[in-house]
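# Survey of secondary and tertiary structure
Here's the letter readout for the chains.
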Amino acid sequence: MNIYNTLTRKIEEFKPNDKTEVRIYSCGPTVYNYAHIGNLRAYLFMDTLRRTLKYNGYTLKHVMNITDVGHLVSDADDGEDKMMKAARIEKKDPFEIAEFYMKAFLLDIDKLNIDKPEIIARATEHIEVMEEYVKKIIENGYTYETENTIYFDTSKLDQYGVLSNRKVEDQKAGARVEFDSEKKNISDFAVWIKAPENHIMKWDTFWGKCYPGWHLECSAMGYNYLGEQFDIHTGGIDHIPIHHENEIAQSKGFCGKIPANYWMHVDFLTIDGGKMSKSLNNLYTLQDLAEKGYEPLVYRMFNFTSNYRNKINFTWEAMNSAKTALGRLREGYLKHTEGNEEILQETIKDFEARFLNAVNDDLNMPVAMSIVWEVVKFPQKSKQLQKLLLKFDMVLGFNLANYKEEKQELPEEILELVKQRDDARQNKNWAESDRIRDLLINQGYLVKDTKEGTVLEK
Ligand code: AMP
Ligand code: ZN
């Protein structure tokens, strides 16, 4: 496999520390709100990476954190605590907020058929691990204390900014020096913070009632499960300049090493060419897509139109195309399921080789999909090609194997009601069509009228 490594700014051949088991750490969500589709792109990328590694025969030990401890609105140490802010707005306890949105997140990634990391680590369940980690950084002389905060002293490192290739001096020169005056250097960051009286998420620690800095969480949990140096660290491109630099700084302070050999970052989803934001009313969740008639796997398909290292622009037209594409893939799969024609072994081998080449070329999903379309459209119908699509689906994750079953799961009487309703609609008998729709709802089926016809959702 070849992957792009942000650390070296090069495409590199992937060589894991261990020949068979790949160890990965992925920065997970901060659970203070529903995940939007931009966030979910990051986890779809993580999923494609996992699936491709497995396709190549590796077993995985993969950790993803859930940030259920509050941290500040900005990546640097200023702004309001995200979890506290959500708690204030929703008039709930921050622990309740975290529990609720964590569950919602896990449900979302299930709906997208995201292959879950082996270990999902909640920050609040690892406070002691973080305490031990930070104590060693302190012992090693990489920190200084102010009245309420223990800061990491980035000037103690031989180099800060290895990922984004920045120098501390450049930052100083460029910054409008308006940073926390307690800090010795602009790039220093909080690792351990004394909790103010009204701060709810706090723990009894060696320094009194405190809570950990955000960056510390990933360093400590990564080390706890994966050791001092693992293979791959993933996140969004927004993590490069601060969060991941600070993880590297902490790890150097802890054991002198950069924690991962390969750093992979997924670029952003834009909407209609611009930013997603609440104020523009274009911040969509999976639920919003479902309400507009797009099942979660359509969003998965949409993501394969771009490589993870490029921006992807969300439009409803693009979602419509993705919806059609998913339908074609399923139809193609069913078509081959029914086929008995003999395909040359060389043809199958050629498809397999080209697909493997594409996914191993830094997860090039647009090219991988172009090979999938060749198989789908292949003039002969053959179970060999159905098998091939199932094999490719190990990476694609469209759950093709269960597609037929799902179709067959609709009971006869429900299909009959749908037919009666379609007839009523054809005859413009809207009252009858509404009556049948209500009957279907009572039986647990949501009816959607789409361009492609009636769609039922359980
Ligand atoms: P957060 O919960 O805010 O820490 O974000 C979770 C993940 O979503 C991070 O990996 C971010 O890099 C990623 N992310 C946030 N916004 C976008 C976006 N518009 N497109 C893609 N990824 C995003
Ligand atoms: Zn992280």
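Above this text you will find the structure in question.
A brief report on the enclosed structure follows. What you see is a predicted model; the values in this text were computed from it and never measured.

Parameters and conventions
- Residues numbered from 1 in each chain as written.
- Chains lettered and ligands numbered in written order.
- Predicted model: local features only at pLDDT ≥ 70, side-chain atom pairs only at ≥ 80, totals over all residues.
- Heavy atoms only, no water.
- Helix = DSSP H or I, 4+ residues; strand = E, 2+ residues; numbered from the N terminus.
- Buried < 20%, exposed > 50% of the residue type's maximum accessible area, 1.4 Å probe, protein only.
- Near = heavy atom within 4 Å.
- Polar contact = N/O pair within 3.5 Å; in protein donor to acceptor, adjacent residues only side chain to side chain.
- Nonpolar A, V, L, I, M, F, W, Y, C, P; charged D, E, K, R; others polar.
- Core = buried A, V, L, I, M, F, W, Y, C linked by side-chain atoms within 4.5 Å.
- Domains from an automatic or database assignment.
- Contact = heavy atoms within 4.5 Å.
- 1 Å grid on protein atoms, 1.4 Å probe; cavity = no way out; pocket = protein on both sides within 12 Å on 5 of 7 lines; lining within 4 Å.
- Points joined across faces, edges and corners; volume = space filled by probe spheres on them.
- Axes fitted to C-alpha atoms, helices over the stretch in contact; angles between N-to-C directions.
- Parallel < 35°, antiparallel > 145°, perpendicular 65-115°, else oblique.
- Left-handed = near helix turned anticlockwise from the far one by under 90°.
- Expected span 1.5 Å × (residues − 1).
- Arc of directions from axis to C-beta.
- Donors = N, O, S within 2.8 Å, 3.2 Å for Na, K, Ca; no water.
- Phe/Tyr/Trp six-rings, centres within 6.5 Å; stacked < 30°, edge-to-face > 60°.
- Lys NZ or Arg CZ within 6 Å of the ring centre and 35° of its normal.
- Pairing = 2+ DSSP bridges.

Before going further, it helps to spend a moment on the environment of D361. Structurally, D361 is set in the loop between α11 (345-360) and α12 (365-376). A residue is classified by how much of its surface remains accessible, and D361, at 38% relative accessible area, is partly exposed. The spacing of D361 and E12 is 349 residues in sequence and 9.9 Å in space, taken between C-alpha atoms.

Time to look at the site of ligand 1. Close to ligand 1 lie 15 residues, the nearest being T30, G38, N39, D238 and L269. Between ligand 1 and N39, the relevant distance is 3.1 Å, taken from an oxygen atom to a side-chain nitrogen or oxygen of the residue. A distance of 3.4 Å separates an oxygen atom of ligand 1 from a polar backbone atom of G236. When residues in the shell around ligand 1 are grouped by element, the largest group, four residues, is from helix α1 (residues 37-55). Classifying every residue of the shell around ligand 1 gives six nonpolar, six polar and three charged.

In terms of nonpolar packing, the biggest core is built from 112 residues, with Y299, F314, F355 and F392 touching the most fellow members. When residues of this core are assigned to domains, at least three map to each of domain 1 (2-266) and domain 2 (271-407). Apart from the residues lying within four places of it in its own chain, the contact partners of F392 are Y55, F351, E352, F355, I371, V372 and V375.

Time to look at empty space enclosed by the protein. Take a probe with the size of a water molecule and roll it over the atoms, and the empty space left behind shows itself. What the rule picks out here adds up to three cavities of 30 Å³ or more. Volume-wise, the largest cavity comes out at about 120 Å³. Looking at the largest cavity, the residues that line it are R41, L44, F45, T48, V266, N303, F304, S306, N307, Y308, L363 and M365. If one sorts the elements of the lining of the largest cavity by residue count, α1 sits on top with four residues. For the lining of the largest cavity, a count of residues per class yields seven nonpolar, four polar and one charged.

Before going further, it helps to spend a moment on the packing of helix α10 (residues 316-337) against helix α13 (residues 383-396). For the pair α10 and α13, the least separation of the axes is 7 Å and the interaxial angle reads 140 degrees. Considered as vectors, α10 and α13 are oriented oblique to each other. In this structure, α10 meets α13 at a crossing whose hand is left-handed. For the pair α10 and α13, contact is made by L329, G332, Y333, H336 and T337 and by K383, L385, Q386, L389 and L390, respectively. Broken down by class, the residue content of the contact of α10 with α13 amounts to five nonpolar, four polar and one charged.

Over its 13 residues, helix α16 (residues 430-442) runs 18 Å from end to end, which matches the ideal 18 Å to within 8%, given 1.5 Å per residue. For α16, the complete set of buried residues consists of S433, I436 and L440. On an axial view of α16, the arc spanned by its buried residues comes to 65 degrees, and they lie on one face. Opposite the buried face of α16, at more than 90 degrees from it, the exposed residues are A431 and N442. Its buried side turned inward, α16 meets α15 (412-426), β15 (446-450) and β16 (453-457).

This part covers the coordination of the zinc ion (ligand 2). Each pair of donors in an ideal octahedron of six around a metal sits at 90 or 180 degrees, and each pair in an ideal tetrahedron of four sits at 109.5 degrees. Protein ligation of the zinc ion (ligand 2) involves C27 (SG), C218 (SG) and H243 (NE2), the donor distances falling in the range 2.0 to 2.2 Å. Taken in sequence order, the residues that donate to the zinc ion (ligand 2) follow the motif C-x190-C-x24-H. Of this pair, C218 sits in helix α6 (residues 214-226) while H243 sits in helix α7 (residues 240-255), and the two are 25 residues apart along the sequence. One exposure class covers both C218 and H243, and it is buried.

Once that is clear, we can look at the packing of aromatic side chains. Under the criterion given, the structure shown has 26 aromatic pairs. Look at Y34 and Y101: their rings are 5.1 Å apart centre to centre, the planes differ by 90 degrees, and that puts the pair in the edge-to-face class. In this pair, Y34 sits in the loop between β3 (21-26) and α1 while Y101 sits in helix α3 (residues 94-111), placing the two residues 67 residues apart along the sequence. Accessibility expressed as a relative area gives 41% for Y34, which makes it partly exposed. Judged by its relative accessible area of 6%, Y101 falls in the buried class. Relative to F314, the ring of F302 has its centre 5.6 Å away and its plane inclined at 75 degrees; by these criteria the two rings are edge-to-face. With F302 in helix α9 (residues 296-303) and F314 in strand β14 (residues 312-314), the pair connects residues that are 12 residues apart, well separated along the chain. An aromatic cluster is present here, built from Y284, Y294, Y299, F302, F314 and W316 joined pairwise through their rings. Of note, K194 hangs over the ring of W207, and the distance from its end group to the ring centre comes to 4.0 Å. One residue, R309, lies across the ring of Y4, its end atom 4.0 Å from the ring centre.

One non-glycine residue, D272, lies in positive phi territory at about 50 degrees. The exposure class assigned to D272 is exposed, which follows from its relative accessible area of 62%. Backbone geometry at L363 places phi at a positive 55 degrees, although glycine is not the residue there. Tracing the backbone shows L363 in the loop between α11 and α12. Under the relative-accessibility criterion, L363 is labelled buried at 3%.

Right, let's talk about the sheet that holds strand β5 (residues 119-122) for a bit. In spatial order, the strands read β5-β4-β3-β11-β12; together these five strands make up an open sheet with parallel pairing. Every interior strand has two partners, whereas the edge strands, β5 and β12 (260-266), have only one. Neighbour to neighbour, the strand axes of the sheet diverge by 20 degrees on average, direction disregarded. Examined bridge by bridge, strand β4 (residues 59-66) and β5 share four bridges and lie parallel to one another. By the bridge assignment for β5, I66 is matched with R122. Here α1 sits on the sheet in contact with β3, β4, β11 (230-236) and β12, set at roughly 165 degrees to β4. In the packing of α7 onto the sheet, contacts are made with β11 and β12, and the angle to β11 comes to roughly 155 degrees.

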